[in-house]
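One letter stands for each residue in the lines below.
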Amino acid sequence: MASSSFQPLQGMSDISAPDVAIWQMIEERAREIFARYRFQEIRTPILEKTKLFTHSLGDTTDVVTKEMYSLEDRGGRKLSLRPEGTAGAVRCIASGAEETVNARVYYMGPMFRCERPQAGRKRQFHQIGVEAAGAPNPRADAEVIALQLHLLSAWGLDGAKIRLNTIGLPEDRAAVLEGLREAIRPRLSELPEDAQQRFETNVLRLLDSKDEAVKKLIADAPPVIEFMSADSRAYLETVVETLKSLKIDVEIDPTLVRGLDYYVHTVWEVVHGGLGAQNALSGGGRYRIQIGNKTIDGVGFAMGVERMIAALEANGITAEQFAPKPAIFIVSLGEEALKENMLLAQILRQRGIACEMELTNRKVKAQMKRANKTGAQQVIIRGDTELEKGIFVLKNMEEGTQREVELPELMELL
RNA sequence: GUGGGUAUAGCUCAGUUGGUUAGAGCGUCAGGUUGUGAUCCUGAAUGUCGCGGGUUCGAAUCCCGUUACUCACCCCA
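This one's a predicted model, so the numbers in the text were calculated from it and none came from an experiment.

Notes on the protein's contact with RNA strand B
Lining the immediate surroundings of RNA strand B are 50 residues, of which Arg-113, Arg-205, Gly-283, Thr-385 and Met-397 lie closest. Taking all atoms of RNA strand B within 4 Å of the protein, the share assigned to sugar and phosphate is 57%. A distance of 3.0 Å separates a base oxygen of RNA strand B from a polar atom in the side chain of Arg-116. A distance of 2.9 Å separates a base oxygen of RNA strand B from a polar atom in the side chain of Lys-395. Examining the composition of the surface near RNA strand B, we find that 6 residues originate from one element, helix α12 (residues 364-374), more than from any other. For the surface near RNA strand B, a count of residues per class yields 15 nonpolar, 16 polar and 19 charged.

Here is the structure:
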């Protein structure tokens, strides 16, 4: 039992073998897919000025107002651990030269939100995300969605669904809010108190409420897209058509909204059953963010790696399947053989062969038992008698067969 | 931030209305005469019963606090 005073903080955990194998699989395959779509990695600082987040995510969003880990440094500067990846990535893009306005980047790493932990929600969690900067273009949105689905299939995930919606342009916002309020106002008094409050502060959030009374009311209200300009509606249509031509199925969900202020036009979510209440694997959308005197347009998404792993596990894909196994396990018998076998192991490793060995003089039986547990395909047994004869016993663990070989043959076989 | 559940061996969990030396399975280690694993048999080690306080002749068991885990609300990936 770990000493309680040295446990990780609430909602944060160590990730080690064997679990880490699935993380490595996810990251490895993601890099491969990103390369095919010609996205490049960026690594931005985990600690940023608080202002970067309040400014780009919106200073009334919960993420910014109550969930950030914020601190002052020794110079009294207000800093925060990043709660998401887009702000930093966009800051980096904005600081670059002119050609970076069309940057295509991806990132993977830890994010921090001080919320109550729950299924699929940690305080330090990990995201893999992409940002494709560039002027609004529905085809760019569709390409990014295609990339996202490609990732899911590379990881072997089945049963994920995409829900898509538009939240229109900032110019549409006033009409949308007013239209929605007007539809709800006559029956406002029927709603619970917190919903009534949200009616004033953030009426869009009523769209995805879990409250039954609110849900019913929203179902009766006209879809918000009806309050948007013809351009905004055409934009969504082109996204959907492009996706269709790529043979990608999406479900239009008029109640889908996003919590962060920077979104415009297309927004989407990838959901998966078997995740509990936090069923969104990934969220994405088009955004417009002001950084200094530059406006960065772009489209991107972020996936929660912990949630992804939970979804994979629901599909029967687990870390053990990716646990690395040595090609060779070396069993020694006798002082002299042990010493020589360490040299042999070193040579094999330098030739690119994963190789494990027992470093004590335990009985052969115990060493074989350990060899079996590592999952090694083959075992080299070399004791002092083999050493004298200049041979190696090579055993195939699966078949249970073994034979004696000399050094040149051994090297050729491996 | 609000609310429910949980915390006993490395892991999964038993532990009767508070009663004497706290248990099982798995794993680990060792043996089953020569130097061979995944099966089988035998044996052994390992616990401040999450932590702190209280009630009691006596607490793993009851009460309070605390930390963490877990689930939901909220929020979001």
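Points about helix α2 (residues 50-57)
Within the span of α2, buried status applies to Thr-50, Leu-52, Phe-53, Ser-56 and Leu-57. Viewed end-on, α2 has its buried residues packed into an arc of 165 degrees, placing them on one side of the element. Along α2, the residues that are exposed and aim more than 90 degrees away from the buried face are Lys-51 and His-55. In the core, the buried residues of α2 are packed alongside β2 (47-49), α3 (62-65), β3 (70-72), β4 (78-81), α4 (86-94) and β10 (280-291). One or two positions beyond α2, positive phi appears at Gly-58, with a value near 105 degrees.

What to know about the sheet that holds β4
Ordered by their spatial adjacency, 3 strands build an open sheet running β2-β4-β3, and the pairing between neighbours is antiparallel. Each end of this open sheet is capped by a strand with a single partner; those strands are β2 and β3. Pairwise comparison of adjacent strand axes, ignoring direction, gives a mean angle of 35 degrees for this sheet. For β3 and β4, the ladder comprises 3 bridges, and the chain directions are antiparallel. Across the sheet, the residue bridging to Ser-70 is Ser-80, located in β4. Of the strands in this sheet, β2, β3 and β4 touch α2, which is tilted by about 70 degrees from β2.

Here's the deal with the sheet that holds strand β16 (residues 401-406)
In spatial order, the strands read β13-β12-β14-β15-β16; together these 5 strands make up an open sheet with mixed pairing. Strands with a single pairing partner mark the edges of an open sheet, and in this sheet they are β13 (355-357) and β16. Within this sheet the neighbouring strands show an average axis-to-axis angle of 25 degrees, counted without direction. Across 4 bridges, strand β14 (residues 378-383) lies against strand β15 (residues 391-396) in antiparallel orientation.

Here's the deal with the pairing of β15
Burial of β15 is extensive: 5 of the 6 residues sit out of reach of the surface. Between β15 and β16, which follow one another and run antiparallel, lie 4 residues, and Gly-400 among them has a positive phi close to 80 degrees.

Structural notes on the nonpolar core
The biggest cluster of nonpolar side chains holds 44 residues, and the ones touching the most others in it are Ile-26, Phe-34 and Trp-155. Those residues in contact with Trp-155, other than ones at most four positions away along the chain, are Met-25, Ile-26, Arg-29, Ala-30, Ile-128, Met-303, Met-308, Leu-312 and Ile-317.

Re the packing of aromatic side chains
Across all of its chains, the model carries 3 aromatic pairs by this definition. Plain terms: the ring middles of Tyr-262 and Tyr-287 are 5.7 Å apart, the flat faces sit at 65 degrees to each other, and that makes the pair edge-to-face. One end of the pair, Tyr-262, is in the loop between β8 (251-252) and β9 (263-272); the other, Tyr-287, is in strand β10, and 25 residues separate them in sequence. Here the aromatic cluster, defined as three or more aromatic residues joined through ring pairs, consists of Tyr-262, Tyr-263 and Tyr-287. Taking NZ or CZ as reference, Arg-181 lies 5.7 Å from the ring centre of Phe-199, over its face. Across the ring face of Tyr-263, the terminal group of Arg-258 is positioned such that the distance to the ring centre comes to 6.0 Å.

Remarks on the packing of helix α5 (residues 138-154) against helix α9 (residues 230-245)
Look at α5 against α9: their axes get within 8 Å of each other, and the N-to-C directions meet at 45 degrees. As the angle between them shows, α5 and α9 are arranged oblique. The two elements α5 and α9 cross, and the hand of that crossing is right-handed. Between α5, through Pro-138, Arg-139, Asp-141, Ala-142 and Ile-145, and α9, the contact on the second element is made entirely by Tyr-235, Thr-238, Val-239, Thr-242 and Leu-243.

Notes on the pattern of salt bridges
Enumeration according to the criterion identifies 23 salt bridges in this entry. Ionic pairing is found between Glu-190 and Arg-187, a salt bridge with its closest N-O pair at 3.6 Å. For Arg-187, a relative accessible area of 29% puts it in the partly exposed group.

Definitions and limits used
Residues numbered from 1 in each chain as written. Chains lettered and ligands numbered in written order. Predicted model: local features only at pLDDT ≥ 70, side-chain atom pairs only at ≥ 80, totals over all residues. Heavy atoms only, no water. Near = heavy atom within 4 Å. Polar contact = N/O pair within 3.5 Å; in protein donor to acceptor, adjacent residues only side chain to side chain. Helix = DSSP H or I, 4+ residues; strand = E, 2+ residues; numbered from the N terminus. Nonpolar A, V, L, I, M, F, W, Y, C, P; charged D, E, K, R; others polar. Buried < 20%, exposed > 50% of the residue type's maximum accessible area, 1.4 Å probe, protein only. Arc of directions from axis to C-beta. Contact = heavy atoms within 4.5 Å. Pairing = 2+ DSSP bridges. Axes fitted to C-alpha atoms, helices over the stretch in contact; angles between N-to-C directions. Core = buried A, V, L, I, M, F, W, Y, C linked by side-chain atoms within 4.5 Å. Phe/Tyr/Trp six-rings, centres within 6.5 Å; stacked < 30°, edge-to-face > 60°. Lys NZ or Arg CZ within 6 Å of the ring centre and 35° of its normal. Parallel < 35°, antiparallel > 145°, perpendicular 65-115°, else oblique. Left-handed = near helix turned anticlockwise from the far one by under 90°. Salt bridge = Lys/Arg side-chain N within 4 Å of Asp/Glu carboxyl O.

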